[in-house]
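Structural description and commentary
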Amino acid sequence: ENKHEEKVQDPDRGKDETKAEMGSKTWADLAGEMKIFLWNPEERTCLGRTAKSWGLILLFYFVFYTCLAGMFAFCMYVMLLTLSPYTPRFRDRVSPPGVMIRPYLNGFTIAFNVSQPNTWQPYVDNMHRFLAAYDDKVQEEKNIECVSGQYFIQGGDDSEEKKACQFKRSLLQNCSGIEDPTFGYSKGQPCILLKMNRIIGYRPGAGVPVSVDCKVQKGNESHLRSVDFYPGNGTFDLMYYPYYGKFTHVNYTSPLVAMHFTDVEKNHLVLIQCSLNGKGIINDLNSDRFLGRIIFTLSIGK
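Bear in mind that the values here come from a model prediction, so they are computed numbers and not experimental data.

**Some details on a nonpolar patch on the surface**
- Residues Phe60, Tyr61, Phe64, Tyr65, Leu68 and Met71 make up a contiguous nonpolar surface patch of about 650 Å² in total accessible area.
- Position of Tyr61 relative to the elements: it lies in helix H4 (residues 51–81).
- Taking relative accessible area as the criterion, Tyr61 reaches 39% and is therefore assigned partly exposed.

In structure tokens form, the structure reads like this:
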């Protein structure tokens, strides 16, 4: 009873004795215990498990992860059955198109000095690279001539390859880079190309070609005195629409409108807005500067 009372009265004594026993072990003892844990020849266990135990647990995880992989593959298969590789099921782009300009280097400020070719040559090089796909010979080899003024609607299966209408760079006339390889930059009369973003199935203008106009967005309106548009009067011909997607409309090249700024105030920052105009076009949404319009700055030095 007295011994029992001593144990009750001093419960930490047993812990101290255990610590003392552990502290008395040498590194050789610890290494031996680790070796026995890794492989016990008497009980024939590895890491505390027999071969049968290891086999059962590995079989369990194999079946478990196989079922998970099978469920994932089945879900993906069912989901892919509901999708078409040719037309997106869900489209995050708005129906009215956004627009973009070329040349585009670093931002929407086109600044150069006429007397310093190194300041405008990068813009010229960017234009030539972009228009390479619009070379007349390339377009004649890959695309067909279409009837102007009407949509080029093509039937058939979604997977059937669609034909594309020719858009030759020669249509851009003074902004084609053919007669003037510098696109007017060497004269302080730069050309800028405008294109709509591609939207599958979209028919802009509801039967009437969409046109382009440019004005000073902020500042003195007299700083922009003259702009020429190509082709024609600066419209996107209906024959280039609708677009059927990159998988079937393989050789499709987006139509362009070239804006030739022939008379812009020199040595000034001129903030210009070019807008699309047509039925169904939105170009006055302040929260999106690229929806139906684009704003850029011209700075032309002498």
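Structure shown, so let's carry the discussion forward.
**With respect to the sheet that holds strand S5 (residues 224–230)**
- Read across the sheet, four strands follow the order S1-S3-S7-S5 without closing on themselves; strand pairing throughout is antiparallel. Each of the sheet's edge strands pairs with one partner strand only, and the pair in question is strand S1 (99–102) and S5. Direction aside, the axes of adjacent strands within the sheet are offset by 30° on average.
- Docked against the sheet, helix H5 (residues 117–131) engages S1 and strand S3 (191–196), running at close to 40° with respect to S3.

**Here we look at the confidence of the model for the protein chain**
- Looking at the protein chain as a whole, its pLDDT mean stands at 86, while 89% of the residues score no less than 70.
- Note on residues 1–8: pLDDT is under 50 here. Beyond four places in sequence and across chains, it has one contact.

**Focus: the pairing of strand S9 (residues 293–301)**
- Taken across its nine residues, S9 has nine buried, putting it largely inside the fold.
- Here S9 shows a buried face lined by Arg293, Ile295, Thr297, Ser299 and Gly301 and a second buried face lined by Ile294, Phe296, Leu298 and Ile300.
- Bridging between strand S2 (residues 109–113) and S9 involves five bridges; their strand directions are parallel. When the sheet's bridge partners are listed, Asn113 is paired in S9 with Gly301.
- Relative to S9, strand S8 (residues 269–277) is paired through seven bridges, and the arrangement is antiparallel. Across the sheet, the residue bridging to Gln273 is Ile295, located in S9.

**Quick look at the packing of aromatic side chains**
- Going through the model one piece at a time under the given rule, you end up with 14 aromatic pairs.
- Taking 5.8 Å as the distance between ring centres and 40° as the angle between the ring planes, the aromatic pair formed by Phe130 and Tyr134 counts as tilted.
- An aromatic cluster is defined as three or more aromatic residues linked by ring pairs; in this entry it consists of Phe60, Tyr61, Phe64 and Tyr65.
- The residue whose ring lies beneath Arg49 is Trp54, and the NZ or CZ to ring-centre distance is 5.8 Å.
- Against the face of Tyr151 rests Arg203, its NZ or CZ located 6.0 Å from the ring centre.

**Some remarks on the UniProt feature "transmembrane region" (unreviewed entry) in the protein chain**
- With numbering aligned to this structure, UniProt lists the feature "transmembrane region" (unreviewed entry) at residues 58–83.
- As annotated, residues 58–83 has a helix share of 92% and a strand share of 0%, and its two end C-alpha atoms lie 38 Å apart.

**Re the state of the cysteines**
- Within this structure, the stated rule accounts for three disulfides.
- Shown here is the disulfide that connects Cys175 with Cys191, its sulfur atoms set 2.0 Å apart. Classification of the bridge connecting Cys175 and Cys191 rests on its S-S torsion, roughly -75°, and on that basis the disulfide is left-handed. Of this pair, Cys175 sits in the loop between helix H6 (136–142) and S3 while Cys191 sits in strand S3, and the two are 16 residues apart along the sequence. Comparing Cys175 with Cys191 shows no difference in burial state: the two are buried.

**A short note on the sheet that holds S8**
- Strand order in the open sheet made by the five strands is S2-S9-S8-S4-S6, with mixed pairing throughout. Two strands in the sheet have a free side with no partner beyond their single neighbour: S2 and strand S6 (235–236).
- Of the strand pairs in this sheet, strand S4 (residues 210–218) and S8 are connected by seven bridges, and their pairing is antiparallel. Each bridged residue has a counterpart across the sheet, and for Val216 the counterpart in S8 is Ile272.

**Some words on H5**
- Given a rise of 1.5 Å per residue, 15 residues ought to cover 21 Å, and the 21 Å separating the end C-alpha atoms of H5 matches this to within 8%.
- Among the residues making up H5, those that are buried are Trp120, Tyr123, Val124, Asn126, Met127, Phe130 and Leu131. End-on, the buried residues of H5 take up no more than an arc of 155°, which puts them together on one face. In H5, the exposed residues that point more than 90 degrees away from the buried face are Asn118 and Arg129.
- Elements that come into contact with the buried residues of H5 comprise S1, S2 and S3.

Calculation criteria
- Residues numbered from 1 in each chain as written.
- Predicted model: local features only at pLDDT ≥ 70, side-chain atom pairs only at ≥ 80, totals over all residues.
- Heavy atoms only, no water.
- Patch = residues over 30% accessible without salt bridge, like charges linked within 9 Å, V, L, I, M, F, W, Y side chains within 5 Å.
- Areas by Shrake-Rupley, 256 points an atom, 1.4 Å probe, with all protein chains shown as cover.
- Salt bridge = Lys/Arg side-chain N within 4 Å of Asp/Glu carboxyl O.
- Helix = DSSP H or I, 4+ residues; strand = E, 2+ residues; numbered from the N terminus.
- Buried < 20%, exposed > 50% of the residue type's maximum accessible area, 1.4 Å probe, protein only.
- Pairing = 2+ DSSP bridges.
- Axes fitted to C-alpha atoms, helices over the stretch in contact; angles between N-to-C directions.
- Contact = heavy atoms within 4.5 Å.
- pLDDT = per-residue confidence, 0-100.
- Phe/Tyr/Trp six-rings, centres within 6.5 Å; stacked < 30°, edge-to-face > 60°.
- Lys NZ or Arg CZ within 6 Å of the ring centre and 35° of its normal.
- UniProt positions renumbered as here; feature names shortened; annotations may be inferred.
- Disulfide = S-S within 2.5 Å.
- Expected span 1.5 Å × (residues − 1).
- Arc of directions from axis to C-beta.

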